[in-house]
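Descriptive analysis of the structure
Residues per chain are reported as follows:
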Amino acid sequence: MTTRRPADPPAAPNAAAASSADAEWLLTDGAGGYACGAGDGVPRRRYHGLWIARPGGQARRMAVVSAVDERVLFDGRTTFLLRAHWADQGEPARPAADVDFVPTPLPTWITTGDGFVLERSVALRRGAADRPPVCLLRWRNHGRATIRLHVRPLLGWCDADHLPPADERFDGAVQARGASWGVRPDPRLPTLWLTADGVAAFVVEPAWYRRFLYATDRDRGYDHVGDRWTPGVVEFELGPGSEATLAFALAEPCAEPVAAFDEALAAAQAADRLAATARDRFAGRLARGADDFLYRADGGRLGVLAGFPWFGEWGRDVFVALPGLTLARGRRDLCAEVLRGALPFLRRGLLPNVYGATPADSHYDSCDAALWFALAVQRYADAGGDAELVARELLPALAAIARAYEEGTDLGLAVDADGLLRAGRADLNATWMDARTKDGPVTPRAGLPVEIQALWHSLLAFLAERDDAWHGPRDRCGKAFVRAFWLADLKRLADRVHDGVADASVRPNMLVAAALPRSPLSAAQRAGCVAAAEAELLVPIGLRTLSPRDGAYRGRYEGDQERRDRAYHQGTAWPWLAGFYVEAALRAAPRAHKRTAAKLRAWLDGIAPELDRAGLGHVSEVFDGDAPHRPGGTFAQAWNTGELLRALALVAEAQA
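Model, not experiment: these values are computed from the prediction.

On to the pairing of strand β16 (residues 243-250). Two faces belong to every sheet, and in a regular strand the side chains alternate between them. With eight of eight residues buried, β16 is to be regarded as a mostly interior element. Burial of β16 is two-sided: the residues E243, T245, A247 and A249 facing one way and the residues A244, L246, F248 and L250 facing the other way are all buried. Alignment of strand β9 (residues 134-141) against β16, held across six bridges, turns out to be antiparallel. Among the inter-strand pairings, L136 is bridged to a residue of β16, identified as A247. In terms of strand pairing, strand β13 (residues 192-196) meets β16 through five bridges, oriented antiparallel. What sits directly across from W193, in β16, is A249.

The next thing to look at is the nonpolar core. The biggest cluster of nonpolar side chains holds 148 residues, and the ones touching the most others in it are F319, L339, F373, Y405, L493, V582 and L604. Listed in part, the 59 residues of the second largest apolar core include V72, L81, F101 and V234.

With that out of the way, let us pick up helix α14 (residues 593-605). Helix length check: α14 (13 residues) gives 18 Å between terminal C-alpha atoms against 18 Å at 1.5 Å per residue, within 8%. The complete set of buried residues in α14 reads T596, A597, L600, R601, W603 and L604. Taken around the axis of α14, the buried residues stretch over an arc of 160°, which confines them to a single face. Exposed side of α14, more than 90 degrees from the buried face: R595 and A602 are the residues found there.

This next bit is on the packing of aromatic side chains. Per the counting criterion, the structure on display carries 28 aromatic pairs. Their ring planes at 25° and their centres at 5.7 Å tell us that Y557 and Y568 sit as a pair that is stacked. Separated by eleven residues along the polypeptide, Y557 in the loop between β30 (542-544) and α12 (561-568) and Y568 in helix α12 bring together distant segments of the chain. A relative accessible area of 10% means that Y557 is categorised as buried. In textbook terms, an aromatic cluster arises when at least three aromatic residues are bridged by ring pairs, as seen for W372, W432, Y557, Y568, W574, W576, F580 and W639. Across the ring face of W109, the terminal group of R120 is positioned such that the distance to the ring centre comes to 4.8 Å. R347 extends its terminal NZ or CZ atom over the ring of Y364, reaching a point 3.9 Å from the ring centre.

This part covers the environment of A53. Take A53: it is sitting in strand β3 (residues 49-53). The spacing of A53 and A21 is 32 residues in sequence and 25 Å in space, taken between C-alpha atoms. Those residues in contact with A53, other than ones at most four positions away along the chain, are G33, R60, R61, M62, V64 and L250.

Here we come to unusual backbone geometry. Along the chain, T104 connects to P105 via a cis peptide bond; the corresponding omega equals 0°. Structurally, P105 can be placed in the loop between β6 (98-102) and β7 (108-112). Here the residue pair F308 and P309 is connected by a cis peptide bond, since its omega of 15° sits within 30 degrees of zero. Tracing the backbone shows P309 in the loop between β19 (307-308) and α4 (315-326). The phi angle at R211 is positive, at roughly 70°, despite the residue not being glycine. Its location among the elements puts R211 in strand β14 (residues 201-213). Here D499, not a glycine, exhibits a phi torsion of approximately 55°, which is positive. Tracing the backbone shows D499 in the loop between β27 (496-498) and β28 (501-503).

Our next topic: the pattern of salt bridges. Under the defined criterion, the tally for this structure stands at 61 salt bridges. Here D612 and R285 are joined by a salt bridge, their closest N and O atoms 3.0 Å apart. With D612 in the loop between α14 and β32 (622-623) and R285 in helix α3 (residues 281-290), the pair connects residues that are 327 residues apart, well separated along the chain. Given a relative accessible area of 30%, D612 falls into the partly exposed group. Classification of R285 by relative accessible area gives partly exposed; the value is 27%. In this structure, D427 and R425 form a salt bridge, with 3.0 Å as the shortest nitrogen-oxygen distance. Exposure remark for R425: the relative accessible area of 40% places this residue in the partly exposed category. It is possible to trace a salt-bridge network through shared partners that takes in E119, R138, R140, E243 and D262.

Conventions used here
- Residues numbered from 1 in each chain as written.
- Predicted model: local features only at pLDDT ≥ 70, side-chain atom pairs only at ≥ 80, totals over all residues.
- Heavy atoms only, no water.
- Buried < 20%, exposed > 50% of the residue type's maximum accessible area, 1.4 Å probe, protein only.
- Helix = DSSP H or I, 4+ residues; strand = E, 2+ residues; numbered from the N terminus.
- Pairing = 2+ DSSP bridges.
- Core = buried A, V, L, I, M, F, W, Y, C linked by side-chain atoms within 4.5 Å.
- Expected span 1.5 Å × (residues − 1).
- Arc of directions from axis to C-beta.
- Phe/Tyr/Trp six-rings, centres within 6.5 Å; stacked < 30°, edge-to-face > 60°.
- Lys NZ or Arg CZ within 6 Å of the ring centre and 35° of its normal.
- Contact = heavy atoms within 4.5 Å.
- Salt bridge = Lys/Arg side-chain N within 4 Å of Asp/Glu carboxyl O.

Take a look at the structure:
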């Protein structure tokens, strides 16, 4: 084993930086996989694990390395370090030692036992064109005596969304190749290789660990008791000041675990420095997490993952998030690459709501993904993107989308006689407010949803700037939009029009129309929408999806899936809407830009503490509409990061 003198152990988090024990950390591997868990090390979700991978050729993620059972043998005693919640115990089992958690630059646990101090860090080296991703663990002995460390990898070997029971048919055979050991308990995945830095022993001892309990999944109404399998024990001997590194790789062993870990650590340290030295610390920390959502699909296509730990690549989320994740960070190159990569997936004017490996494997059940794509193209062009790329590839794609809608296409998308865009059906919620229960759509929006009309008009206006043939459709749509949606007595927009009847529900979708630069609304009409949103929807961490004055309002996002779905768009607050609120407020106050920007900046700063609350370095997907606005849903969401970055950039530009 290589012996190196490490630096001093990381300092334990101070009071200012401390977060709750169940706050969740995240690492990503650049290929659609990730590692995540709670700061105290107790797995609370089936998704908590050291490597939830997306093996090549598979669209779904698989739980590969769920955890490690570590045991320190020292001075005739064995100290068990495994943190787990067993189904027959009321409380999680924890080590008989003191454990401090340090989230950055890499998630690190420092265990102080009776006579020993052991540090363990986890890293993912991101995949690249010429190499796959690797999961890495490093242990450091900060004590003054030699210790023995036994490590049992606990493997899931299952679809990450499920917790299957033990399968006694698992193959416990181990293939040895130098300091690497390969296991393939069943053929659903390629061989998993464990590679130890230097000389280490591996004892073949397959076994099942049964009845882990995952408390968060239990509370959310999902299956929550599962088993994990181990092929055996890796045995290390760690002298004072020495360290050991263990690499997990699929298909082929990692040739140099130490170099791979050092590379991942250096990248994390550089990202931390960049965030710490950013002029805007809030924006810097958001930008630090932005790359977590970018990944390479098979074949090298650059895509955007909607959120962690369970979302994949969702078209609507991709194109809402994309401008903030890229353009707000000055990365027009990344924006262009994602936009170009989407073009082969266009089908009859639609883009997938859920991407598969190919268009044939994708799900086209979103009426607005292509419209959000069109808006992302507009933002790219407006930000000074490659004019040749826009003219040669992107503009023809937008024109094809518009023509498909004029002719009528799937999901009920068709332009009506007034030039507005019908969408959806009574049994299909095809906008972002898409929650369903056994009774059907929770928030019916079939007909003419307001944000769909705003996006449609913006697309027509963008095309008209480059081709006079689109002037007529743009003007007809704009006039019909104001006529159908503007509620003069309430001085705001309706949320949708269905069968000629305006739905006057107060929802944030009107802010899309109030925010877009290519909107048929006047400054006064924009201001009316902003005032209504501020009066009834605005909360410290985003905007509610329905006014609390509405009888259908639900202020708490909690319970099993049906209860959560009934609240999802019926009052639950969403941070990503901050981008459109900020943009609309600035456009509504052209003569008070700086004063408005200062107010908006103060509101945005109130969201910054969420980066240390539920998802470390990220803002949770949703929050209760009612105070104290508890976080819920995924702990990291692409469009939250993207739209908050875009909002901060808009405010900074207004204050300049």
